[in-house]
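Topology and contacts: notes
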Amino acid sequence: GTKDLLPETLAAYEVGWRGRFLGGRLEAGADLFYQRTSGLIRFTREVDPLHTATEYYGKVGSAGAELSARARLLDRLTAAGSYSFQNVKGDLHGLSPKNKTHVSLLADLGRGFHLDVAHHWVAAADYDGEVVPGGGTHVDQYHLVLTRLAYRFPKWDAEVGFNAFNVFHQRHRE
């Protein structure tokens, strides 16, 4: 590590709006955000399993927006979705894909059981430096499908669930 390592500084701003319509059956939202990091610290390599070398990497700013909606389609079925855009500029860009979406269905199956099915799409991204295992700077777009089946114990306000991540086993890197 670096003996004279100083802390990163971060300034973040966000403004948003949320609204409910149709007697609360439809919710919508929009957010704008800006974040600036100075004195960015980058981990450069692993020295050994307990130590990592670091260096200062400069400044990064990101700005973006997110749109979201949630609708109760039936008494026991809800759909939700969101889209986000983020643009990163500065000494280190490409920290995140610019576009992402998420859509999901949430079903109350009765008798304490719930089923959630979600789809995530993440746009392709080009990164600074070697970020892909084995070398490289490009990550292709990918889709993920996630499912969750759960049972809620109402008496104890507890839940037990089974999650399946990347149901169709699509190759992805984050």
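I will try to describe carefully the structure that is included in this document. (Residues numbered from 1 in each chain as written. Predicted model: local features only at pLDDT ≥ 70, side-chain atom pairs only at ≥ 80, totals over all residues. Heavy atoms only, no water.)

Quick notes on the overall build of the protein chain
Scanning the protein chain from N- to C-terminus turns up zero helices and ten strands. Overall, the protein chain shows an N-to-C arrangement of helices and strands of β-β-β-β-β-β-β-β-β-β. Counting only residues that meet the buried cut, the protein chain has 23% of its 174 residues in that class. Summed over its atoms, the accessible surface of the protein chain is roughly 12100 Å², and 57% of this surface lies on carbon and sulfur atoms. (Helix = DSSP H or I, 4+ residues; strand = E, 2+ residues; numbered from the N terminus. Buried < 20%, exposed > 50% of the residue type's maximum accessible area, 1.4 Å probe, protein only. Areas by Shrake-Rupley, 256 points an atom, 1.4 Å probe, with all protein chains shown as cover.)

Side note on the pattern of salt bridges
In this structure the tally under the stated criterion is six salt bridges. In this structure, Asp 75 engages Arg 25 in a salt bridge whose closest nitrogen and oxygen atoms are separated by 3.8 Å. Of this pair, Asp 75 sits in the loop between strand 3 (51–74) and strand 4 (77–90) while Arg 25 sits in the loop between strand 1 (9–21) and strand 2 (26–48), placing them 50 residues apart in sequence. Residue Arg 25 is classed as partly exposed on the basis of its relative accessible area, which comes to 29%. Between Asp 157 and Arg 152 there is a salt bridge, with the nearest N and O atoms lying 3.1 Å from each other. Since its relative accessible area comes to 63%, Asp 157 is described here as exposed. Assessed through its relative accessible area of 32%, Arg 152 is described here as partly exposed. (Salt bridge = Lys/Arg side-chain N within 4 Å of Asp/Glu carboxyl O.)

What to know about the packing of aromatic side chains
One pass over the structure, following the stated rule, counts five aromatic pairs. Ring centres of Tyr 13 and Tyr 34 lie 6.5 Å apart, and the angle between their planes is 20 degrees; this geometry places the pair in the stacked category. Here Tyr 13 is found in strand 1, whereas its partner Tyr 34 is found in strand 2, with 21 residues between them in sequence. The exposure class assigned to Tyr 34 is partly exposed, which follows from its relative accessible area of 34%. Seen in terms of ring centroids, Trp 17 and Phe 21 are 6.3 Å apart; in terms of plane orientation they differ by 45 degrees. Their pairing is tilted. Trp 17 sits in the partly exposed class, given a relative accessible area of 45%. Put simply, the rings of Phe 113, Tyr 151, Phe 153 and Trp 156 pair up and form one aromatic cluster. (Phe/Tyr/Trp six-rings, centres within 6.5 Å; stacked < 30°, edge-to-face > 60°.)

Description of unusual backbone geometry
A positive phi angle is found at Leu 22, which is not glycine, with a value near 55 degrees. Take Leu 22: its relative accessible area is 67%, and that puts it in the exposed class. Even without a glycine there, the phi angle at Asp 157 is positive, about 50 degrees. For Asp 157, the position within the fold is in the loop between strand 9 (142–153) and strand 10 (158–164).

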